[in-house]
Amino acid sequence: MLTNKAWGIYNGWGYYLPTKELYDSYETGDQRREATILKPGDKFMFFGAERSFTKDAGATSNYQFKKYMEPFSYANPIPTHVNPNGDNGTTDLNVPLMRYAEVLLIKAEAAINLSGAGAGDTELNKIRVRAALGTKTGMTIDDLKRERRNELAGEWADRHRDLVRWGDAQATYAKPLHDFDGSVIWPARTFNPQVHDVWAVPQREIDNSAGVIKQNPGW
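What you are looking at is a predicted structure, and each value in this text was computed from that prediction instead of being measured.

Draft legend 1. Inspection of the overall build of the chain at higher detail. If you tally the helices and strands in the chain, you get nine helices and six strands. Counting only C-alpha atoms, the chain reaches 55 × 50 × 35 Å along its principal axes. For the chain, with 219 residues in total, the buried portion stands at 41%. Sequence separation of at least 24 residues holds for 53% of the intrachain contacts in the chain that already meet a minimum separation of 6.

Draft legend 2. Representation of the nonpolar core. Membership of the largest hydrophobic core comes to 17 residues, with the highest contact counts inside it found for Leu105, Leu124, Leu144 and Ala169. Elements represented by at least two residues in this core include exactly helix 3 (100-115), helix 4 (121-130), helix 5 (141-152), helix 6 (159-166) and helix 7 (169-173). Of all the elements, helix 3 adds the most residues to this core, at five residues. Every residue in contact with Ala169, bar those within four places of it in the chain, is listed here: Leu163, Val164 and Phe191. Membership of the second largest hydrophobic core comes to 12 residues, among which are Leu2, Leu38, Phe46 and Met69.

Draft legend 3. Focus on the packing of aromatic side chains. In this structure the tally under the stated criterion is 14 aromatic pairs. Measuring from centroid to centroid gives 5.6 Å for Trp7 and Phe44, while their planes differ by 40°, and the two rings are tilted. Of this pair, Trp7 sits in the segment before helix 1 (20-25) while Phe44 sits in strand 2 (residues 43-46); the two residues are 37 residues apart in sequence, bridging distant segments of the chain. The buried category is assigned to Trp7, whose relative accessible area is 16%. Taking relative accessible area as the criterion, Phe44 reaches 6% and is therefore assigned buried. Where Trp7 meets Phe46, the ring centres are 5.1 Å apart and the plane angle is 75°; that geometry is what we call edge-to-face. Of this pair, Trp7 sits in the segment before helix 1 while Phe46 sits in strand 2, placing them 39 residues apart in sequence.

Draft legend 4. Region of interest: helix 3. Look at helix 3: 22 Å from first C-alpha to last across 16 residues, which is about the 22 Å you get at 1.5 Å a residue. Taken as a whole, helix 3 has its buried residues at Ala101, Glu102, Leu104, Leu105, Ala108, Glu109, Ala111 and Ile112. Looking at the packing, one finds that the buried side of helix 3 touches helix 4, helix 5 and helix 6. Two residues or fewer past helix 3, Gly116 is found with a positive phi of approximately 95°.

Draft legend 5. A look at the pattern of salt bridges. Scanning all chains against the criterion turns up 25 salt bridges. Between Glu155 and Arg99 there is a salt bridge, with the nearest N and O atoms lying 2.9 Å from each other. Highlighted residues: Glu155 in the loop between helix 5 and helix 6 and Arg99 in the loop between strand 4 (64-65) and helix 3, separated in sequence by 56 residues. Considered together, Glu155 and Arg99 belong to a single accessibility category, that of buried residues. For Lys136, the salt bridge goes to Asp143, with nearest N and O atoms at 3.2 Å. In this structure Lys136 comes out as partly exposed when scored by relative accessible area, which is 27%. Its relative accessible area of 12% is what places Asp143 among the buried residues.

Draft legend 6. Up close: a nonpolar patch on the surface. There is a patch of nonpolar side chains on the surface, built from Leu97, Met98, Tyr100, Val103, Ile106 and Trp156 and spanning about 700 Å² of accessible area. If you trace the backbone, Met98 turns up in the loop between strand 4 and helix 3. By relative accessible area, Met98 is classed as partly exposed at 49%.

Draft legend 7. Representation of the pairing of strand 2 in the model. Along strand 2, the buried face is formed by Phe44 and Phe46; none of Lys43 and Met45, which line the opposite face, is buried. Where strand 2 and strand 3 (residues 49-52) come together, four bridges link them in antiparallel fashion. Note on strand 3: the bridge partner recorded for Phe46 is Ala49. What sits between the antiparallel neighbours strand 2 and strand 3 is a turn of two residues, in which Phe47 has the positive phi angle 50°.

Draft legend 8. Expanded view of helix 5. The end-to-end C-alpha distance of helix 5 is 16 Å, a good match for the 16 Å that 12 residues give at a rise of 1.5 Å each. Buried residues of helix 5: Asp143, Leu144, Lys145, Arg146, Glu147, Arg148, Asn150, Glu151 and Leu152, and no others. Backbone geometry just downstream of helix 5 places Gly154 in the positive-phi region, at approximately 80°.

Criteria and thresholds
Residues numbered from 1 in each chain as written. Predicted model: local features only at pLDDT ≥ 70, side-chain atom pairs only at ≥ 80, totals over all residues. Heavy atoms only, no water. Helix = DSSP H or I, 4+ residues; strand = E, 2+ residues; numbered from the N terminus. Buried < 20%, exposed > 50% of the residue type's maximum accessible area, 1.4 Å probe, protein only. Contact = heavy atoms within 4.5 Å. Core = buried A, V, L, I, M, F, W, Y, C linked by side-chain atoms within 4.5 Å. Phe/Tyr/Trp six-rings, centres within 6.5 Å; stacked < 30°, edge-to-face > 60°. Expected span 1.5 Å × (residues − 1). Salt bridge = Lys/Arg side-chain N within 4 Å of Asp/Glu carboxyl O. Patch = residues over 30% accessible without salt bridge, like charges linked within 9 Å, V, L, I, M, F, W, Y side chains within 5 Å. Areas by Shrake-Rupley, 256 points an atom, 1.4 Å probe, with all protein chains shown as cover. Pairing = 2+ DSSP bridges.

Spelled out as structure tokens, the structure:
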């Protein structure tokens, strides 16, 4: 998450990065956007000093996830909050594997799929109000997709599996992703649902089954 090389202060790796598409997907006034993403000029604390965010020379993007920066904010975070080994940049941040907001999102998605637009309004509005957004009525599966993306950006929920589950992966990966200045940071990628909706079966499992288990098509 930490920008690559971290301005020479800590050996961040920084290859899991936000994009302009993610930043622009937030509604105006959504407090989650600035809590989630650092962009050029944003103020933040790093090793006890306030910094204005800029891309480090070794970084690949002008964006960075902000959600996980608290351990790096202290004047002397090593070793109390941050691993001395920058090649293993673990911290003491207590990151939840599942938050209540995700439970609400799961319930809302199920309700909309079962009963149609508006069936998940109660759950989705709890999330929207917390983000300082107004309530809405008649929210659709597209509203659910946006709320899930904005609420869980960079977390363990795994957007890739969301895209696969919704049947959106092929169209989404066919579009390039952009940096703060509009330059392409990730080119368009090919996603074939007939192959890539599932993983390859490990060869050792096929061997262990004496061929009863077959490889998935395309792998």
